[in-house]
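Structural overview
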Amino acid sequence: MFKLNKSIILSICSLFFIGSLALGQDYDILIKGGVVIDARNNINKVMDVAIRDGKIAQVSPSILQTRAKKTIDASGLIVTPGLLDIHGHNFFGTQPKAYLSNSFSSLPPDGFTFKSGVTTIVDAGGSGWKNFETFKEQTIDRSQTRVLAFINIIGSGMKGGAIEQNITDMDAEATANKAKQYPGIIIGIKLAHYSGPSWTPTDLTIQAGTLADIPVMIDFGGSDPELNMETLLLEKLRPGDIFTHCYARVKGRTPLVDSKGKVRRYVFAAQKKGVIFDVGHGGGSFSFKQAIPATEQGFWPNSISTDLHTGSMNGGMKDLTNIMSKFLNMGMPLKEVVKSVTWNPAQYIKRKDLGHLSEGAVADITLLKLSHGDFGFIDTEGLKMMGNQKLICELTLREGEIVWDLNGIASPLWNE
């Protein structure tokens, strides 16, 4: 009879053991030991998150490491759905004198999103119905970041100057029809930079939003004489419509906090009615002299966003985590800060498939570190607020793929 020697038997057993381990590895990635904050599912505690085939496979208090091909130790970190920034400018291109519509002031998203935990960004009005196809081909279809759009009521988009004053280029029906061609990608209608005394642009924008059954985002200001803010918030905007730059103090727009430091009564009434107040920080639209008195009186934003472009990225805005940190230091609870960049905006843009970690959802995930120390935060007027907390993005996953890893927490040591 043929006899196997001891070394052959051990080798066979080892192969069977390795094979059984491989068969038992149900997950591609396991994120273990982090504090999961998921507003939709009312989770705010230490949990493990398992990923398979780019989707959330399981969220549980304890998942065995042996079930995953790769384990990421998230101890001491905050695990959130991938962050949603609903006010960016990403229709970048090379057209001269075209401002944020296929020109130099907009930014390619992938270089500015993942490092701050953003997996979905919404371009806020760069394109109109006439040039949306160009934006889609150049940016949406070529970016690893999920890029969505508020389409501009101006047919030629956000080109600045006299072009954005041209009411004859504001076609509600054509704009709505373009939005209906791309449901879930064109998620709203944008009005911005109109400086005339007429309500016609606002009315046409809302008409387009009604025809397409999507929200509008209003960038209000610069009018001479000023258009009435109370009329906009209580009479014009519908529940679910978005008022951006809500803590701005700019010429041609009534600030929401009056000269005595009080939030105007109709602001609270509008928020109760269902108007969405969005930060839209930008390079000129966030003042501590508005934000701090407002938040002290209980007027918090519904969504936190960047207004990302070349004029804001290196100023007081910096990135989404920096703005989140500002509100954290103004007293906004961490779970509410996270909600304002995940589940809240996902609902506002009618993309309820995003902003949560439910089983079967896309595995867009952000890992944040909450640092403590002495930090300074700058507004768009060059004024500073001190704080002792700061959020830093450690790791970002997009559809289960690692797209940003600040300190290599998902990588083995070189000598192991």
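Residues numbered from 1 in each chain as written. Predicted model: local features only at pLDDT ≥ 70, side-chain atom pairs only at ≥ 80, totals over all residues. Heavy atoms only, no water.

**Looking at the sheet that holds strand 6 (residues 83–88)**
Pairing between the strands of a sheet comes from backbone hydrogen bonds, and it takes one of two forms, parallel or antiparallel. Keep this limit in mind: Strands are labelled as partners when DSSP assigns at least two bridges between them. Elements are defined by DSSP. Helices are runs of H or I of four residues or more, strands are runs of E of two residues or more, and each kind is numbered from the N terminus.
The sheet built from 7 strands is open, its strands ordered 6-7-8-9-10-11-12 with parallel pairing. In this open sheet, the two edge strands, each paired with only one partner strand, are strand 6 and strand 12 (276–277). Of the pairings in the sheet, the one linking strand 6 to strand 7 (residues 118–128) comprises 4 bridges and is parallel in character. Each bridged residue has a counterpart across the sheet, and for Asp-85 the counterpart in strand 7 is Ile-121.

**Overview of helix 7 (residues 288–296)**
The line we're drawing: Relative accessibility thresholds used throughout: buried, under 20% of the residue-type maximum; exposed, over 50%; partly exposed, between the two (1.4 Å probe, protein chains only). Residue contacts are counted whenever heavy atoms from the two residues lie within 4.5 Å of one another. Two N or O atoms count as a polar contact when they lie within 3.5 Å, although within protein this holds only if one can serve as hydrogen donor and the other as acceptor, and sequence-adjacent residues are included solely when both atoms are side-chain atoms.
Every buried residue belonging to helix 7 is among Phe-288, Gln-290, Ala-291, Pro-293, Ala-294 and Thr-295, and all of these are buried. Where helix 7 is buried, its residues contact helix 8 (320–329), strand 13 (365–378) and strand 14 (384–398). A side-chain oxygen of the first residue of helix 7 lies 3.1 Å from the backbone nitrogen of Lys-289; this N-cap is Ser-287. Once helix 7 ends, the next one or two residues include Gly-298, with phi positive near 90°.

**Remarks on the side chain of Asp-38**
In this fold, Asp-38 is placed in strand 1 (residues 27–38). Within the structure, the side chain of Asp-38 is placed 3.3 Å from the backbone nitrogen of Arg-40, a separation counted as a polar contact. A polar contact is formed between the side chain of Asp-38 and the side chain of Asn-41, at a distance of 2.7 Å. Other than its neighbours up to four places away in sequence, Asp-38 contacts Ile-43, Gly-355, His-356, Leu-357 and Ser-358.

**Details of unusual backbone geometry**
In the segment running from Asp-224 into Pro-225, the intervening peptide bond is cis, with an omega of 0°. As for its placement among the helices and strands, Pro-225 is situated in the loop between strand 10 (216–219) and helix 5 (229–236). One non-glycine residue, Tyr-99, lies in the positive phi region at around 50°. For Tyr-99, the position within the fold is in the loop between strand 6 and strand 7. Judged by its relative accessible area of 35%, Tyr-99 is partly exposed.

**Quick notes on the pattern of salt bridges**
One side chain can pair with another of opposite charge once the charged atoms of both are near each other. Worth spelling out the cut-off: What counts as a salt bridge is simple: a side-chain nitrogen of Lys or Arg found within 4 Å of a carboxyl oxygen of Asp or Glu.
Within the structure shown, the criterion is met by 15 salt bridges. Residue Lys-130 pairs with Asp-169 through a salt bridge whose shortest N-O separation is 2.8 Å. Of this pair, Lys-130 sits in the loop between strand 7 and helix 2 (132–138) while Asp-169 sits in the loop between strand 8 (146–152) and helix 3 (172–181), placing them 39 residues apart in sequence. Using a relative accessible area of 10% as the deciding quantity, one classes Asp-169 as buried. Arg-238 is the salt-bridge partner of Asp-241, the closest N and O atoms lying 2.8 Å from each other. Overall, the relative accessible area of 1% leaves Asp-241 in the buried class. In this structure Arg-238 comes out as partly exposed when scored by relative accessible area, which is 23%. One salt-bridge network, in which partners are shared between bridges, spans Arg-146, Asp-364, Arg-398 and Glu-399.

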